[in-house]
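Descriptive structure summary
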Amino acid sequence: MAIVEAIKTAKNAPRKLRISNPATLEEIGVITVTDAEATKAAVRRAREAQREWAQRPIKERCRLMYRALDVLMKNQDEYMELIIKETGRGRAETLMMEILAAADTMAWFAKRGPKELADRRVATPTILKAKKLIQTYKPLGVVGIIAPWNGPFVMGISPAIPALIAGNAVVIKPSEVTPFSGMLIQDLFAEAGFPNDLLQVLPGDGETGAALIDAGVNKISFTGSTATGRKVAAACGQNLIPCTLELGGKDAMIVCADANLERAAAGALAASMFNTGQFCCATERCYVVESVAEEFISLVVEKARELRQGTDGDQDISVMIWPKQLEIIQDHMDDAVQKGATVLVGGRQHPDLNGAWEPTVLTNVTHSMKIMTEESFGPILPIMIVPDQHAAVQLANDSKYGLSGTVWSRSEKNAIAVAKQVETGSVCINETALTFGVHNAPFGGVKDSGMGYVHGPDALKSFCQPVPLIVDRLGMKTEQNWYPLTADKFEGMQKFVKVFYGSVLRKVFG
Ligand code: NAD
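Keep in mind it's a predicted model, so treat the numbers as computed, not measured.

**Looking at the packing of helix α8 (residues 261-273) against helix α9 (residues 290-305)**
Across the interface, α8 lies against α9 with an axial gap of 9 Å and an inter-helix angle of 50°. As far as their axial angle goes, α9 and α8 are oblique. Crossing geometry of α8 relative to α9 is assigned as right-handed. The residues of α9 that touch α8, namely those facing Leu261, Glu262, Ala264, Ala265, Ala266, Ala268 and Leu269, are Val292, Glu295, Phe296, Leu299, Val300, Lys303 and Ala304. Broken down by class, the residue content of the contact of α8 with α9 amounts to 11 nonpolar, no polar and 3 charged.

Here it is as structure tokens:
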């Protein structure tokens, strides 16, 4: 049984989807897919609400965001219950990935927003010293957010927070796999007293997502697969609107010869198995230096065998949120085994647990295998033994993806040197991929992992149009560059250009 099923409806009636729990297969509810017309109407309402919202002082917008944080704190158990139903996940992971991450994002942007977006005086360069530059930020208008299923609440709310603080309205299209977790976001902001229609959540599938891009929004913040990301980028191009693309990954872990092996082995499992591997920054391949490989692999195997898989709420590893992912994992595993990989732990669908893949560790893997090159998005850790850390960096960079990665070495200097050679949006040292949780760090990918950043002051500003105001300071009757452009003026200007840019003055006033 699929967990997203189309329900037969009358011809021309709105489409409906039945959503079920991936662990128990019990029905959670039915959604009506938002069609193109309703999507356009939602964006129109959002634009109306945004006009008033943008007029409010940013401090007031931030005060309301703190109120939303209070609502999140009050309702967290209720929200987690629903998210767990839709994902089949454990409680600790749900708390960390959804509630804590959302709360931290709210607190960070609500505190920093007013300072980051305040009008500021910026020094003017060289010839324009007589003018004053005031940098201001205007909201873009209506921001469309399209979210995936692997973080069904946090991936929708996370970009919404800076977008709202910056003065925008937000329309979110959650994944059709987990729409009810996405719809919690609308309830949350309504309960916190945000204006009607300022934040709306439109349940639906890819058709609703595509309609949202064409509905007159001013920016799209997309999180999902690379294949869909390409379609989103093309549609945004047609509409001439900017987009942020947070896409797939195949993050590498590099274990150097001097690594703390106990920590690296525990970290390898935490990084590859978190959210049952359904994490964009999951470690999906590991390169360990030959001299420590045997000890490292035996520690990983020992710890992997201790992982508890189940559905009781306190498990380490859960079922797959989207059962179709099992087909991808099976394909990658069959391909790897057929090409010579050795399975050390797991390697199969759980025989007694519906929709679950056993935590898996394998070696003897190569880059001819899908398991080392394609995103598996499951609880799988393929480990490749390499002669030295230089070879590890080369293999880490031999990927179409470039989201994040980790380096493990007792020498911080060595680890930083290695990290700087890795072609990804971020790297963590002696730590699992934590960048998404560090709010002043810009989070984003390179290559097929996306473009643009969520988090950090730059992300906040990416939901704004920067509007520089240039103000004259001297009030003279005329200016050198105004009419008439006489020969005297030309000579004066040329002298000025030569003196200014041809001497040390360029360093003083540049
Ligand atoms: P997906 O691309 O299948 O779907 C993502 C969203 O796009 C869904 O809401 C879907 O309905 C919508 N969509 C589908 N077709 C569309 C279209 N033509 N136009 C507009 N919207 C459309 O991705 P998924 O399977 O839900 O999520 C898993 C993927 O997300 C993985 O690849 C994972 O790595 C990635 N991801 C990336 C990050 C990151 O920050 N880089 C974070 C989480 C997940």
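**Here's the deal with the domain arrangement of the protein chain**
Splitting the protein chain by domain gives domain 1 (42-247 + 456-465), domain 2 (251-444) and domain 3 (479-509). Put simply, the middle of domain 1 and the middle of domain 3, counted by C-alpha atoms, are 47 Å apart. Each side of the interface is counted separately: domain 1 has 5 residues, and domain 3 has 5 residues. Interface area for domain 1 against domain 3, summed over the two sides, is near 420 Å², with a carbon-plus-sulfur share of 63%.

**Brief notes about the pattern of salt bridges**
In the structure shown here, the tally under the stated rule is 25 salt bridges. Residue Glu98 pairs with Arg89 through a salt bridge whose shortest N-O separation is 2.8 Å. Of the two residues, Glu98 and Arg89, both sit in the buried class. Among the charged side chains, a salt-bridge network with shared partners connects Glu5, Arg18 and Glu27.

**Examining the side chain of Arg285**
Examined against the element boundaries, Arg285 turns out to sit in strand β12 (residues 283-289). Buried charged residue Arg285 carries no salt bridge. Nearest counter-charge: Asp251, at 6.6 Å. Excluding residues within four positions of it along the chain, Arg285 makes contact with Lys250, Asp251, Ala252, Met253, His367, Met372, Pro382, Leu395, Ala396, Asp398 and Ser399.

**What about the site of the ligand?**
Taken together, 30 residues lie near the ligand, and Ala147, Lys173, Glu176, Ser225 and Glu375 sit nearest. In this structure, an oxygen atom belonging to the ligand sits 2.7 Å away from a main-chain N or O atom of Ala147. Between the ligand and Ser225 there is a distance of 2.6 Å, counted from an oxygen atom to a side-chain nitrogen or oxygen. When the ligand sits alone it has 850 Å² of accessible area, and the protein chains cover 88% of it. Among the secondary structure elements, those contributing two or more residues to the shell around the ligand are α6 (206-213), β9 (219-223) and α7 (226-239). When residues in the shell around the ligand are grouped by element, the largest group, 4 residues, is from α6. Residue composition of the shell around the ligand, grouped by class: 15 nonpolar, 9 polar and 6 charged. In terms of domain composition, the shell around the ligand takes at least three residues from each of domain 1 (42-247 + 456-465) and domain 2 (251-444).

**Considering the packing of aromatic side chains**
By the definition in use, this model includes 9 aromatic pairs. Where Trp108 meets Phe109, the ring centres are 5.0 Å apart and the plane angle is 90°; that geometry is what we call edge-to-face. Arranged with centres 4.8 Å apart and planes meeting at 75°, the rings of Phe189 and Phe194 form a pair that is edge-to-face. In this structure, Phe189 and Phe194 share a single accessibility class: buried. Taken together, the ring pairs connect Trp53, Phe189 and Phe194 into an aromatic cluster. Residue placement shows Lys219 over the ring face of Phe463; its charged tip is 4.7 Å from the ring centre.

**Comments concerning the packing of helix α11 (residues 389-397) against helix α12 (residues 412-421)**
In helix packing, the relevant descriptors are the interaxial angle and the interaxial distance, both defined with respect to the helix axes. With their axes 9 Å apart at the nearest point, α11 and α12 run at an angle of 30° to one another. By the angle class used here, α11 and α12 are roughly parallel. Seen along the crossing, α11 lies across α12 with a hand that is right-handed. The segment α11 lies against α12, with Gln389, Val393 and Asn397 engaging Asn414, Val418 and Gln421.

Cut-offs applied
- Residues numbered from 1 in each chain as written.
- Predicted model: local features only at pLDDT ≥ 70, side-chain atom pairs only at ≥ 80, totals over all residues.
- Heavy atoms only, no water.
- Axes fitted to C-alpha atoms, helices over the stretch in contact; angles between N-to-C directions.
- Helix = DSSP H or I, 4+ residues; strand = E, 2+ residues; numbered from the N terminus.
- Parallel < 35°, antiparallel > 145°, perpendicular 65-115°, else oblique.
- Left-handed = near helix turned anticlockwise from the far one by under 90°.
- Contact = heavy atoms within 4.5 Å.
- Nonpolar A, V, L, I, M, F, W, Y, C, P; charged D, E, K, R; others polar.
- Domains from an automatic or database assignment.
- Buried area = accessible area lost by both parts, 1.4 Å probe.
- Salt bridge = Lys/Arg side-chain N within 4 Å of Asp/Glu carboxyl O.
- Buried < 20%, exposed > 50% of the residue type's maximum accessible area, 1.4 Å probe, protein only.
- Lys, Arg positive; Asp, Glu negative; His and termini not counted.
- Near = heavy atom within 4 Å.
- Polar contact = N/O pair within 3.5 Å; in protein donor to acceptor, adjacent residues only side chain to side chain.
- Areas by Shrake-Rupley, 256 points an atom, 1.4 Å probe, with all protein chains shown as cover.
- Phe/Tyr/Trp six-rings, centres within 6.5 Å; stacked < 30°, edge-to-face > 60°.
- Lys NZ or Arg CZ within 6 Å of the ring centre and 35° of its normal.

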